[in-house]
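What the coordinates show
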Amino acid sequence: MDMNMFQNLLTGFVAAGTLQNVGFAMIGCLVGTLIGVLPGIGPIPTLAMLLPITFGLDPLTSLIMMAGIYYGAQYGGSTTSILVNMPGESSSVVTCIDGYQMARRGRAGAALAVAALGSFFAGCVGTVFIAGFGPPLASFAQKFNSPDYFSLMVLGLVTAVILAQGSVLKAITVILIGLLFGLVGTDVNSGATRYTFGISTLWDGIDFLPLVIGMFGLVEIIRNLEGDTIEREPIPTKMKDLWPTRAEFKEAIPAALRGTALGSLLGILPGGGAVLASFAAYTVEKKVVRNPTFAFGKGAIQGVAGPEAANNSAAQTSFIPLLTLGLPSNPIMAIMMGAMMIQGIQPGSAVMTSNPELFWGLVASMWIGNLMLVIINLPLIGMWVKLLQVPYSLLYPAIIMFCCIGVYSSNSEPSQLLLMVIFAAFGYILMRFGCEPAPMVLGFILGPLMEENLRRSMVLSRGDPMIFLQRPISATLLALTACVVALIVLPSFRATREEAFKE
Amino acid sequence: MLRVKSPQDLGAGLLFIFIGLVGIYFGKDLTYGSARSMGPGYFPTWLSWIIMGMGGICLFKCFTLDGPPIERIPLRPILCVFAGVLAFGYLIEHIRLEPALVLLVAIATQGRSDTNQKKMLLLAVCMAFASVLIFVVLLGQAMPTWSGDYLSAAFTKLWSLFSSAKGA
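Residues numbered from 1 in each chain as written. Chains lettered and ligands numbered in written order. Predicted model: local features only at pLDDT ≥ 70, side-chain atom pairs only at ≥ 80, totals over all residues. Heavy atoms only, no water.

Attention shifts here to the overall build of chain B. Assigned secondary structure in chain B consists of six helices and zero strands. Seen in sequence order, chain B has helices and strands lined up from the N terminus as α-α-α-α-α-α. With the principal axes as the frame, chain B shows a C-alpha extent of 80 × 50 × 35 Å. A buried classification covers 40% of the 168 residues belonging to chain B. Taking as baseline every contact in chain B between residues at least 6 positions apart, the subset at least 24 positions apart corresponds to 60%. Summing over all exposed atoms, chain B offers an accessible surface of approximately 9600 Å²; the carbon and sulfur share of this is 70%. Positive and negative charge centroids in chain B, built from 13 and 8 side chains respectively, lie 4 Å apart. (Helix = DSSP H or I, 4+ residues; strand = E, 2+ residues; numbered from the N terminus. Buried < 20%, exposed > 50% of the residue type's maximum accessible area, 1.4 Å probe, protein only. Contact = heavy atoms within 4.5 Å. Areas by Shrake-Rupley, 256 points an atom, 1.4 Å probe, with all protein chains shown as cover. Lys, Arg positive; Asp, Glu negative; His and termini not counted. Charge placed at Lys NZ, Arg CZ, Asp CG, Glu CD.)

Take a look at the structure:
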């Protein structure tokens, strides 16, 4: 087993170590840091907009780049949180609380270093986690049958609701709408066209690109256009202040360890991910640490080290359900899944056996990428801080060009742009009605899969829905789902969840 | 007398019910089948009913629970962004990529009142050529352009100069 893992990792490093792959890992990390630093734009719209670029690359290279963007954003996000008191990324929201206070005390450098080093450590552990947990989980997943897969998706979608902001009821409905949208087009089984309204563009289903770019890219632009220009004046930092003191290290290291462990676990859970992990880590730090040198909210270094380690390790381990079960655990993973499917790869337990270079190459690239990110983020911090002064008015023309070119170039059809506008309008309306649009992508990606597995289960059981409770794996998954539902409905949990999102 | 306590829930409820109705109405023509052999209409019809039910609960909630108001929807940026994108889509095959991109930015920029129009246009022109370089020359995507062939030729020339200098 151990020997095997070594062998596998070697395969991975050989695959990820090519000049092209290292180059694109670098590009991914740079783009990720950039969007992490800039408050106006997050990883979901960025990944959506860059999807068309990946078509020309081979599957491993494109996944390496996209993964780099996701975890690169976790590094970059902390910079803005600490220096400007504005989250560069939603997973760095809690880092603002103590990070900015540290910066005001003149310890910005230490906060940045602790965030970057903690993230690096967490990233390494997360990578080992994937290497260790991936194969057993994948071989376990080979025991899965249609009813088990159906229940797994139910669990994944319900858990994703916890992550969505605002009303649970609305989040569930938005996912259901996503499922429905995923069914548009020609039904594979009967050949009947569904909900195409006679429009030929829809015969193959709603295209993934106009949907995600419209709902996230364009909506993001509109939101930024309607806002007032915000002054963002970073606190000046000198390079020589970067190294934390011994006392600071002593407080930060245990916090980073706790954050890493928590983040790795929360990343694997369906519905988990970087955002959830950072909130949870901050709550844990507040509970666990008895006598911090500086109180929480007044610049406690634990409040930076814990959440920053947690969000990065979760960003890595959230790949586990996607790569081993074919289940995207959050909207970002849904976009990754879309990218894989466009490349002709069906994510799931088969990837590891049929395409080991892809799995292990991605794992190895994450380690390489994390190393790059420490270098990108610490010595070059001054450059990123300068970028903060770039006004949004110079940024959004580039973003809107990217959106349009990306959607048009995927199949040179002008009607796709109309589709993009329609989805932008839809996403915007959802947002204004207090519904988070992101979970819809999860439903959209899983719609056809869920229907297929439901259909097969029902054929197996001759129409008896009890099959979902008779099979042990499926029953366990549904029991877990019931627990999650109970948790959401429970008033005390609800209160903490709302509080967590308020902060 | 019913009073709307949370306008957001009212909007969401109506939207959900609308989507559910559309799903049920247009799913009517699809074969429903039965549980043991599901037709193409089975799953979508179920989904639509559930979505409509959820919409109903939302509606009920909007009269009983207090909630935040719907924020003012500023039409100007929305319309400008959409108009720019649609103009781009409609015109790209007629006027090709570079002018279409400049036009896109020119229209979308109207969404903000405080932008410097001249500077923005200059920026748009530069970025249009940069896009041709990235997407058409480097990534090899097929799009109608004016400058693509020239830029490709220049790029190949530069590349061969560079590699021969390296070889020497």
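Read on for the rest.
Here we take up unusual backbone geometry. If a residue is not glycine, its phi is most likely negative; likewise, a peptide bond is most likely trans. The phi dihedral of A:Phe197 falls on the positive side, at around 50 degrees, and the residue is not glycine. Structurally, A:Phe197 is set in the loop between strand E2 (193–194) and helix H9 (208–226). By relative accessible area, which is 48% here, A:Phe197 ends up partly exposed. In the Ramachandran plot, B:Arg96 falls in the positive-phi region, its phi being about 70 degrees despite a non-glycine side chain. Looking at the secondary structure, you find B:Arg96 in the loop between helix H3 (75–95) and helix H4 (97–109). On the accessibility criterion, B:Arg96 (32% relative accessible area) is partly exposed.

For the rest of this paragraph, the subject is empty space enclosed by the protein. All names here are of chain A. Inspection of the entire model under this criterion finds two cavities of 30 Å³ or more. As a volume, the largest cavity reaches approximately 50 Å³. Residue lining of the largest cavity: Tyr-75, Ser-78, Thr-79, Leu-112, Ala-115, Ala-116, Asn-377, Leu-378 and Ile-381, and that is the complete set. Of all the secondary structure elements, the ones that give two or more residues to the lining of the largest cavity are helix H4 (59–84) and helix H6 (108–141). Put simply, the second largest cavity is a space of about 30 Å³. Lining the second largest cavity are Pro-59, Ser-62, Leu-63, Ala-339, Met-340, Gln-343 and Ile-345. Put simply, the parts of the chain that give the lining of the second largest cavity at least two residues each are H4 and helix H14 (331–342). Residue contributions to the lining of the second largest cavity peak at three residues, all from H4. Looking at side-chain class alone, the lining of the second largest cavity contains five nonpolar, two polar and no charged residues. (1 Å grid on protein atoms, 1.4 Å probe; cavity = no way out; pocket = protein on both sides within 12 Å on 5 of 7 lines; lining within 4 Å. Points joined across faces, edges and corners; volume = space filled by probe spheres on them. Nonpolar A, V, L, I, M, F, W, Y, C, P; charged D, E, K, R; others polar.)

A few words on the packing of aromatic side chains. Residues and elements named next belong to chain A. Inspection of every chain in the model, using the stated rule, returns 17 aromatic pairs over all chains. For the pair Phe-13 and Trp-367, a centre-to-centre distance of 6.4 Å together with 75 degrees between the ring planes defines the contact as edge-to-face. One end of the pair, Phe-13, is in helix H1 (residues 2–16); the other, Trp-367, is in helix H16 (residues 356–377), with 354 residues separating them in the sequence. With 5.6 Å between their ring centres and 55 degrees between their planes, Phe-181 and Phe-426 make a pair best called tilted. (Phe/Tyr/Trp six-rings, centres within 6.5 Å; stacked < 30°, edge-to-face > 60°.)

Turning our attention to helix H18 (residues 392–411) of chain A. Between the first and last C-alpha of H18(A) there are 30 Å, a value that for 20 residues agrees with the 28 Å anticipated at 1.5 Å per step. Note on H18(A): the residue one or two positions beyond its end, A:Ser412, has a positive phi of about 50 degrees. (Expected span 1.5 Å × (residues − 1).)

The domain architecture assigned to chain B consists of domain 1 (7–64) and domain 2 (75–167). Spacing between the C-alpha centres of domain 1 of chain B and domain 2 of chain B amounts to 42 Å. (Domains from an automatic or database assignment.)

All right, on to the state of the cysteines then. Tallied over the entire structure, the rule returns zero disulfides over all chains. Note on B:Cys80: no disulfide assigned, nearest cysteine sulfur contributed by A:Cys404 at a separation of 14 Å. The thiol of B:Cys126 is not disulfide-bonded; the next cysteine sulfur, from A:Cys404, is found 19 Å away. (Disulfide = S-S within 2.5 Å.)

Let us look at the interface of chain A and chain B. Interface size, as often reported, equals the accessible area lost upon joining of the parts. The interface is formed by 65 residues belonging to chain A together with 63 residues belonging to chain B. Approximately 5600 Å² of surface area, both sides summed, lies buried where chain A meets chain B, with 79% of it carried by carbon and sulfur atoms. Note that B:Asp9 and A:Lys170 form a salt bridge whose closest N and O atoms lie 2.8 Å from each other. Applying the counting rule to chain A against chain B returns five residue pairs in polar contact (both at pLDDT 80 or more). It is H18(A) that provides the largest number of residues to the side of chain A that touches chain B, a total of twelve residues. (Buried area = accessible area lost by both parts, 1.4 Å probe. Salt bridge = Lys/Arg side-chain N within 4 Å of Asp/Glu carboxyl O. Polar contact = N/O pair within 3.5 Å; in protein donor to acceptor, adjacent residues only side chain to side chain.)

Moving on to the side chain of A:Asn21. All names here are of chain A. By secondary structure assignment, the location of Asn-21 is in helix H2 (residues 19–37). The exposure class assigned to Asn-21 is buried, which follows from its relative accessible area of 6%. Apart from residues lying up to four places away in sequence, Asn-21 is in contact with Ala-15, Ala-16, Leu-60, Thr-61 and Ile-64.

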